[in-house]
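So the chains spell out like this:
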Amino acid sequence: MTKRDANGTTLSTIMVTGGSGLVGQAIKSHTTSNPKEGETWIFLSSKDGDLRDRTATDAIFDKFKPTHVIHLAAKVGGLFANMKQKVEFYRENTLINDNIMENCRIHKVAKLVSMLSTCIFPDKTKYPIDETMLHDGPPHPSNEGYAYAKRLIDTMNRAYAEEYGCNFTSIIPTNIYGPHDNFNIQNGHVIPGLIHKCYVAKKNNTPFTIWGSGTPLRQFIYSLDLAELTVWVMRDYHSPDPITLSVDEAAEVPIKDVAYAVAKAMKFEGEVVFDTEKADGQFKKTACNKKLRGLRPDYKFTTMDEGVQKAVDWFLENYDTARK
C-alpha cells in the first residue's frame, strides 16, 4: 500500500544493498545532493547482516520495511578467485539474490533494481553486445560460477513479473570508476589500479609502467553518472528486461589514453612505459546503449578527463582510508 504524508506526498523507503561500495557510495552522494521529497534512503553494509542467510535477510526487511530496493551486494573477486572458487561464487550470489528477491515479493516492494555486469555475457559473441544477447551462449569458463548466478537474476525478474506481477528489473553497467573504489594495484580494476600505480611512480620518482600494450578498448562510466542513471531506472524504467547503462560506443577508449589521462591528473611528469611482455586481455567488449539513448537521448556523461581528475583528487584526499 502506498504511504503518504499529511500533504499527500508519497513516502518511499529505498534500501540499497552493498551500500558501502563504489556504486552504493555514489548513489548516496547523488541522492544527498539531489534529494526528492518523500524519499528516505538506507545504505546497508555487511555490518547490517549477512544477506546469504535467509533469517538475517528477513530481519533486515522487517527492520527497514523498504518500499524500493537497489540490489548491489554480491560476492565479487578477480580472475584468480573466480577460477578457484566457482562453487562459492555461484552459491553465495545465488543465496543473496534469492533472499533479496523473495523478501521483495513477500514485502510487496514496489520496485527492485539489481546490478548485472558485462562480464556475464557469452564468451563467444559479436560486438557490440546488447541486452538481448545475455543468454546466447556460455560465459567465459573462468567466471562461470559468478556469471550463471548473475544471469539467473534476469531469468527470475521475468518469472516474478509473470507469476506475481512484481516490478523487478536489472541494470548492466560497463567499467565503473570513481570515488570509494578499490585502488589495489593487483586486484583493483583498470582505472583505480592505474591511479595508485601512478601515485607510487610519482612518489618514488620511477617510471609509470602499464601492463600490456595499452591498445585494448574499453567503455568507462563515472560512478556518479551510473548512480544518477540507476536512480532514474528505479523511478522511471518499468520493464523486467535489463537495460545497459553505458557511455556511447564512440566514447570507447584505448587503455593507453586512460593511462595518459591518469598521468595528467596526477601531474606526473616522469616516463610512461608500456610493458608489452604482459598480456593485453580481450581487445574490446563494446556494449550498445541504444535502449538507454532511446529513453535518455540528451543525457550527458562525464568526460574521461573530468572523471579521472575527480577520481585522482578523491584518492589523494582520502589516501589513508581508501581501499588499496
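What you are looking at is a predicted structure, and each value in this text was computed from that prediction instead of being measured.

**Topic: the packing of helix α1 (residues 22-33) against helix α7 (residues 223-236)**
- Contact geometry for α1 and α7: axes closest at 8 Å, N-to-C directions at 70°. Taken together, the axes of α1 and α7 lie roughly perpendicular to each other. Contacts between α1 and α7 pair Leu-22, Val-23, Ala-26, Ile-27, Ser-29, His-30 and Thr-31 from the former with Ser-223, Leu-224, Leu-226, Ala-227, Glu-228, Thr-230 and Val-231 from the latter.

**As for the pairing of strand β13 (residues 272-275)**
- On β13, burial follows the alternation: Val-272 and Phe-274 on one face are buried, whereas Val-273 and Asp-275 on the facing-out side are not.
- With four bridges connecting them, strand β8 (residues 208-211) and β13 associate as parallel partners. If you follow Phe-208 over to β13, its bridge partner there is Val-272.

**Considering the side chain of Thr-286**
- Relative to the assigned elements, Thr-286 resides in the loop between β13 and α9 (290-295).
- Here Glu-252 takes part through its side chain, which lies 2.8 Å from a polar atom of the side chain of Thr-286.
- Here Thr-286 is in contact with Tyr-127, Pro-128, Ile-129, Gln-219, Glu-249 and Glu-252, once residues within four sequence places are set aside.

**Notes on the packing of aromatic side chains**
- Taken as a whole and assessed by the stated rule, the structure comprises 14 aromatic pairs.
- Pairing Tyr-199 with Phe-315 gives two aromatic rings, centres 5.6 Å apart and planes at 85°, and the pair type is edge-to-face. Here the residue Tyr-199 occupies a position in helix α6 (residues 190-204), and Phe-315 occupies one in helix α10 (residues 304-317), the gap between them amounting to 116 residues.
- A relative accessible area of 19% means that Tyr-199 is categorised as buried.
- With relative accessibility at 0%, the residue Phe-315 sits in the buried group.
- When the ring of Phe-315 is compared with that of Tyr-319, the centres are 5.4 Å apart and the planes differ by 85°; the resulting orientation is edge-to-face.
- Every member of this aromatic cluster is reached through a ring pair, and the members are Phe-183, Tyr-199, Trp-314, Phe-315 and Tyr-319.
- Taking the ring centre of Phe-274 as reference, the NZ or CZ of Lys-256 above it sits at 5.1 Å.
- In this arrangement the basic side chain of Arg-296 is found over the ring face of Trp-232, its NZ or CZ atom lying 5.4 Å from the centre.

**Focus: α7**
- With 14 residues, α7 extends 20 Å between its outermost C-alpha atoms, agreeing within 8% with the 20 Å of an ideal straight helix rising 1.5 Å per residue.
- Counting buried positions over the 14 residues of α7 gives ten, a clear majority of the element.
- The complete set of buried residues in α7 reads Ser-223, Asp-225, Leu-226, Ala-227, Leu-229, Thr-230, Val-231, Trp-232, Val-233 and Met-234.

**Focus on helix α2 (residues 54-64)**
- Those residues of α2 that fall on the buried side of the exposure criterion are Thr-57, Ile-60 and Phe-61. Around the axis of α2, the buried residues are gathered within 95° of arc, so they sit on the same side. Away from the buried face of α2 by more than 90 degrees, exposed residues Thr-55 and Lys-63 are located.
- Contacts from the buried residues of α2 go to β2 (10-17), β4 (68-71) and α4 (86-106).
- Where α2 begins, one side-chain oxygen reaches toward the backbone nitrogen of Thr-55, 3.3 Å away; that side chain belongs to Asp-53.
- Where α2 ends, the next residue or the one after it, Lys-65, has phi of about 45°, a positive value.

**Some details on the pairing of strand β3 (residues 39-43)**
- In terms of burial, β3 is a largely internal element, four of the five residues being buried.
- Note that β2 and β3 share five bridges and pair parallel. Within β3, the position partnered with Ile-14 by the bridge is Trp-41.
- Regarding the hand of the β-α-β motif, the stretch spanning β2, α1 and β3 is right-handed.

**Observations concerning the pattern of salt bridges**
- Under the counting rule described, the total for this entry stands at eleven salt bridges.
- Two residues, Arg-235 and Glu-39, come together in a salt bridge whose shortest N-O distance is 2.8 Å. Of this pair, Arg-235 sits in helix α7 while Glu-39 sits in strand β3; the two residues are 196 residues apart in sequence, bridging distant segments of the chain.
- One salt-bridge network, in which partners are shared between bridges, spans Asp-50, Arg-52 and Glu-92.

**Thoughts on the side chain of Asn-157**
- Relative to the helices and strands, Asn-157 is located in helix α5 (residues 144-164).
- Owing to a relative accessible area of 0%, Asn-157 belongs among the buried residues under this scheme.
- Excluding anything up to four places from it in sequence, Asn-157 contacts Met-101, Phe-168, Thr-169, Ser-170 and Pro-240.

**Some thoughts on the environment of Asp-305**
- The residue Asp-305 is located in helix α10 in this model.
- Classification of Asp-305 as partly exposed rests on a relative accessible area of 47%.
- Ignoring sequence-local partners within four residues, the contact set of Asp-305 consists of Ala-261 and Lys-264.

What counts, and at which threshold
Residues numbered from 1 in each chain as written. Predicted model: local features only at pLDDT ≥ 70, side-chain atom pairs only at ≥ 80, totals over all residues. Heavy atoms only, no water. Axes fitted to C-alpha atoms, helices over the stretch in contact; angles between N-to-C directions. Helix = DSSP H or I, 4+ residues; strand = E, 2+ residues; numbered from the N terminus. Parallel < 35°, antiparallel > 145°, perpendicular 65-115°, else oblique. Contact = heavy atoms within 4.5 Å. Buried < 20%, exposed > 50% of the residue type's maximum accessible area, 1.4 Å probe, protein only. Pairing = 2+ DSSP bridges. Polar contact = N/O pair within 3.5 Å; in protein donor to acceptor, adjacent residues only side chain to side chain. Phe/Tyr/Trp six-rings, centres within 6.5 Å; stacked < 30°, edge-to-face > 60°. Lys NZ or Arg CZ within 6 Å of the ring centre and 35° of its normal. Expected span 1.5 Å × (residues − 1). Arc of directions from axis to C-beta. Right-handed = clockwise from strand over helix to strand, strands pointing away. Salt bridge = Lys/Arg side-chain N within 4 Å of Asp/Glu carboxyl O.

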